[in-house]
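One letter stands for each residue in the lines below.
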Amino acid sequence: MTTLNFGKKTMRGPLLGGVSAFPAMRDPIKSEISAQLGEDDGLFLNYGMLKDSLPYTMQDQYDTEPVEQEFETAVLENDFLKATFVLELGGRLWSLYDKKAGRDLLLDNPEFRPNNLAIRNAWFAGGIEYNIGRRGHDAQTCSPRFTAVLADADGTPVLRFYEFSRDRAIPFQIDFYLPESSHFLFARPRIMNIRDSVIPMYWWSNIAVAQVPGERIVVPAFDTYANQYEGGSHFITRIPLPDGEGFDGTYPDRFPAAKDHFYNIPENSRKYEAVMSPDGYGFLFASTRRLQGRKLFVWGKNQGGKHWQRKLIPPGTPDYIEIQGGLCKTQQECLPMPPRTTWEWLEVYGAVALPPEQVFGEWSDAVRNVTSAVDNILPEAFLVAELERTKHTFACHPGKLIRSGSGWGALEEKRLGHRLTTHLDFGAPGEEQQEWLELLVAGRMSEDPPKSYLVQQEWFELLRDVPFPGWKTLFHLALNYFRQGEYERAELAACASAARKKTPWNQFALSNIYRVTGRNKEAMELLIHLAEKFPEDSSLVKECLKVLIELDAVPEEILRICNQLPEEVLLKPMIKFCHAWGLAHAGCLKEAEEIITRNGGLEIPDIREGENSISELYLYIQKEKAKLNGEIPDEKIDIPFALDLRMKI
């Protein structure tokens with residue numbers, strides 16, 4: 001018998017804290033990439049990419065000491081597998097345990113360790129996460145989605161997570177089930193474009209598995225799209241498998257540095273990816289053909305990659321890699337999704353075992369042997385039939401609500417005047433949605449500080465129709481023009497908002513408009529003013545200081561801000577780094593070095609993945625010290641492990 005039980009999971013980790021009061025008008029993910037591809041590759045590169053993180057706010061207030069916390073869980077279990085989900089963390093499939101083999105199929109992270117890798121900053125490693133709408137780790141990674149339960153025709157329990165994608169203004173769901181005699185867990189995503197227009201659609205399922213020495217990734221492909229870095233340029237190109245890297249890139253432990261590969265699986269091939277251990281036991285991720293993309297991500301063997309691993313997982317936990325599956329072949333593209341269309345597919349996770357000699361020989365032999373094994377244990381015709389069967393037995397049926405998600409779907413239902421779907425219950429709008437409900441019902445917005453942000457076209461049009469807009473309405477208009485790249489209109493709206501009433505929100509919007517239009521001096525003046533006027537707002541101060549450093553602010557300005565901060569704000573790790581940057585560039589090298597090297601090295605939980613600022617600051621200090629001593633700076637300076645986050649060397 002398959003069971004579905006709800007309970008609690010205790011883990012150590014920092015409390016997430018609140019979120020920023022300000023809109024996220026920067027996007028730390030590079031939104032566009034160049035390519036060196038052939039005319040037959042046919043990728044939708046850069047389509048659907050977004051250049052800011054609107055409408056979100058940042059979840060960046062988690063740099064506290066770890067404490068024991070309880071998280072709500074759901075556990076699907078039969079005689080062969082045990083799958084554990086954490087409800088308030090995006091419905092993350094936290095672990096999948098093979099009961100017969102006594103082995104974890106996924107990386108089961110024993111701690112909750114948020115770091116700055118997601119669209120809203122906070123992200124954690126382990127298990128399987130599901131990302132929709134825009135490139136990046138999902139905005140709901142550290143927030144609850146709706147949870148419901150229902151049953152298949154034979155009584156098998158079904159666990160459903162669903163939500164409303166704010167990026168594309170559409171509902172989606174993921175149904176999990178584990179048949180009584182199955183050695184595989186089934187996930188059944190369903191995306192519904194309820195709109196009358198084509199929308200760019202993005203989906204990637206990201207799976208963390210332990211990195212075992214000598215393991216091999218087997219996927220039915222003979223070339224791969226890889227990010228290349230040559231002569232200071234960054235582009236994507238197609239290289240052959242397995243040796244396009246100059247070594248056999250199907251072995252994760254051979255990569256010297258962080259790298260990702262997007263496998264070019266032929267259209268008529270099975271869609272799967274297997275992680276095979278040297279003993280022939282492996283994890284299999286298979287799907288129906290809608291999910292065409294497959295990816296490998298490795299942190300590599302260099303010091304920076306190893307440091308990132310230890311930021312995300314505690315001592316005693318094995319290193320990990322990620323295998324992933326997406327709607328497109330790469331993560332630098334979306335697919336155009338037709339109006340009034342539903343896309344659904346089946347994903348399957350479980351164990352596969354082969355004699356090692358069938359896996360660790362010639363690449364073509366490994367592909368043929370693993371594909372044959374997949375065809376034997378999971379015939380494609382069975383998956384296609386199962387997808388169709390479950391469409392009628394539960395995928396379009398309502399479930400019993402266990403836990404609520406956000407109020408954005410309910411707000412959209414109010415705007416539309418009808419339900420988004422007949423089978424998903426989105427409840428009622430919450431506190432975050434009240435000012436938008438007021439706009440919808442009364443045609444105006446209160447003058448209270450904003451609680452949330454929207455850049456959806458229909459709400460933009462409602463904002464423009466307000467007859468006598470106050471400062472907040474004009475501020476929201478500025479954000480919407482900003483999202484559309486109409487910076488002149490954004491500036492006019494922000495200035496009009498400030499003319500009604502000067503607030504930190506319209507000043508923050510103006511600083512970002514000045515930043516993206518190259519008026520750095522004006523941007524910095526506003527940022528300095530905001531940081532000095534609201535020193536107790538650590539999220540705002542961090543954002544201001546980071547942007548000031550990016551814009552090459554005078555170090556004395558950084559120091560003046562830091563010297564006026566409350567002690568509890570100045571002690572935030574990111575702000576410590578900014579303080580050290582100001583000291584170093586003002587010539588106070590000893591003081592700066594002491595800040596970043598004290599107690600073994602400054603650990604910054606919310607430093608962005610791929611950001612080398614702490615490493616660069618250490619190098620700058622050492623080179624400046626050498627110059628003061630009349631020495632020629634060494635071109636190769638060893639960086640302490642705790643300060644080395646360089647992923648590309």
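Here the structure is shown first, and the text comes after it.
Residues numbered from 1 in each chain as written. Predicted model: local features only at pLDDT ≥ 70, side-chain atom pairs only at ≥ 80, totals over all residues. Heavy atoms only, no water.

Engineer: How would you explain the overall build of the protein if you had to name every residue and give the values?
Structural biologist: Within the protein, the secondary structure is distributed over 16 helices and 27 strands. Within the protein, the proportion of its 649 residues that are buried is 61%. In the protein, the proportion of contacts linking residues at least 24 apart, taken out of those at least 6 apart, comes to 70%. Within the structure as shown, the protein displays about 25,200 Å² of accessible surface, and the carbon and sulfur contribution to it stands at 50%. With 73 positive and 92 negative side-chain charges, the protein shows a separation of 2 Å between the mean positions of the two kinds. (Helix = DSSP H or I, 4+ residues; strand = E, 2+ residues; numbered from the N terminus. Buried < 20%, exposed > 50% of the residue type's maximum accessible area, 1.4 Å probe, protein only. Contact = heavy atoms within 4.5 Å. Areas by Shrake-Rupley, 256 points an atom, 1.4 Å probe, with all protein chains shown as cover. Lys, Arg positive; Asp, Glu negative; His and termini not counted. Charge placed at Lys NZ, Arg CZ, Asp CG, Glu CD.)

Engineer: Explain the packing of aromatic side chains to me, and be specific about the residues and the numbers.
Structural biologist: Taken as a whole and judged by the stated rule, the model has 31 aromatic pairs. Ring geometry for Phe285 versus Tyr349: centroids 5.8 Å apart, planes at 35°, classification tilted. One end of the pair, Phe285, is in strand 21 (residues 281-287); the other, Tyr349, is in strand 26 (residues 347-353), with 64 residues separating them in the sequence. In terms of burial, Phe285 and Tyr349 fall into one category: buried. Residue placement shows Lys311 over the ring face of Trp308; its charged tip is 5.2 Å from the ring centre. Here the guanidinium or amino end of Arg464 rests over the ring plane of Phe460, the centre of that ring lying 4.5 Å away. (Phe/Tyr/Trp six-rings, centres within 6.5 Å; stacked < 30°, edge-to-face > 60°. Lys NZ or Arg CZ within 6 Å of the ring centre and 35° of its normal.)

Engineer: Quick rundown of the nonpolar core? Include the residues and the values.
Structural biologist: Residues Leu185 and Tyr349 are the most contacted members of the largest nonpolar core, which totals 181 residues. Look past the residues within four positions of Leu185 in its chain and what remains in contact with it is Leu76, Leu81, Ala83, Phe85, Leu93, Leu96, Phe176, Tyr177, Leu178, Glu347, Val348 and Tyr349. (Core = buried A, V, L, I, M, F, W, Y, C linked by side-chain atoms within 4.5 Å.)

Engineer: Give me the lowdown on unusual backbone geometry, citing residues and values where you can.
Structural biologist: Following Leu54, the chain continues to Pro55 via a peptide bond in cis, the omega torsion being 10°. Position of Pro55 among the secondary structure elements: in the loop between strand 2 (34-36) and strand 3 (67-77). Of note, the bond from Leu241 into Pro242 is cis; its omega dihedral lies within 30 degrees of zero at 5°. Here Pro242 lies in the loop between strand 18 (233-240) and strand 19 (259-263).

Engineer: Account for the environment of Gly18, naming residues and giving values.
Structural biologist: Following the sequence through the fold, Gly18 ends up in the loop between strand 1 (3-13) and strand 2. For the pair Gly18 and Met58, spaced 40 residues apart in sequence, the C-alpha separation works out to 9.2 Å.

Engineer: Lay out the pattern of salt bridges in plain terms, naming residues and giving numbers.
Structural biologist: One pass over the structure, following the stated rule, counts 45 salt bridges. A salt bridge links Arg160 to Asp175; its shortest N-O distance comes to 2.7 Å. Of this pair, Arg160 sits in strand 11 (residues 157-165) while Asp175 is found in strand 12 (residues 170-177), placing the two residues 15 residues apart along the sequence. We classify Arg160 as buried; its relative accessible area is 0%. (Salt bridge = Lys/Arg side-chain N within 4 Å of Asp/Glu carboxyl O.)

Engineer: Kindly report on the packing of helix 11 (residues 538-550) against helix 12 (residues 555-563), identifying the contributing residues and their values.
Structural biologist: Running from N to C, helix 11 and helix 12 cross one another at 170°; their axes reach a closest spacing of 10 Å. With respect to each other, helix 11 and helix 12 are oriented roughly antiparallel. Contacts from Leu545, Leu548 and Ile549 of helix 11 reach helix 12 at Ile558, Ile561 and Cys562. Along the lines of polarity and charge, the residues of the contact of helix 11 with helix 12 split into six nonpolar, no polar and no charged. (Axes fitted to C-alpha atoms, helices over the stretch in contact; angles between N-to-C directions. Parallel < 35°, antiparallel > 145°, perpendicular 65-115°, else oblique. Nonpolar A, V, L, I, M, F, W, Y, C, P; charged D, E, K, R; others polar.)

Engineer: Explain the side chain of Arg190 to me, and be specific about the residues and the numbers.
Structural biologist: Here Arg190 shows up in strand 13 (residues 184-193). Arg190 gets classed as buried once you look at its relative accessible area, which sits at 9%. A polar contact of 2.8 Å, which involves the side chain of Arg190, links it to the side chain of Glu344. Excluding anything up to four places from it in sequence, Arg190 contacts Pro171, Phe172, Gln173, Thr342, Trp343, Glu344, Lys391, Ala395, Cys396 and His423. (Polar contact = N/O pair within 3.5 Å; in protein donor to acceptor, adjacent residues only side chain to side chain.)

Engineer: I'd like a description of helix 15 (residues 589-597), backed by residues and values.
Structural biologist: Within helix 15, burial applies to Leu589, Ala592, Glu593, Ile595 and Ile596. Viewed along the axis of helix 15, the buried residues span an arc of 160°, placing them on a single side of the element. Just downstream of helix 15 lies Asn599, where phi reads positive at about 55°. (Arc of directions from axis to C-beta.)

Engineer: Break down the packing of helix 7 (residues 471-483) against helix 8 (residues 487-500) for me, citing the residues and quoting the values.
Structural biologist: The geometry of helix 7 relative to helix 8 is characterised by a closest axis approach of 8 Å and an angle of 165° between their N-to-C directions. Relative to helix 8, the element helix 7 lies roughly antiparallel. Crossing handedness for the pair helix 7 and helix 8: left-handed. Across the interface between the two elements, Trp471, Leu474, Phe475, Leu477, Ala478, Tyr481 and Phe482 of helix 7 pack against Tyr487, Arg489, Ala490, Ala493, Ala494, Ala496, Ser497 and Arg500 of helix 8. Of the residues in the contact of helix 7 with helix 8, the class split is twelve nonpolar, one polar and two charged. (Left-handed = near helix turned anticlockwise from the far one by under 90°.)

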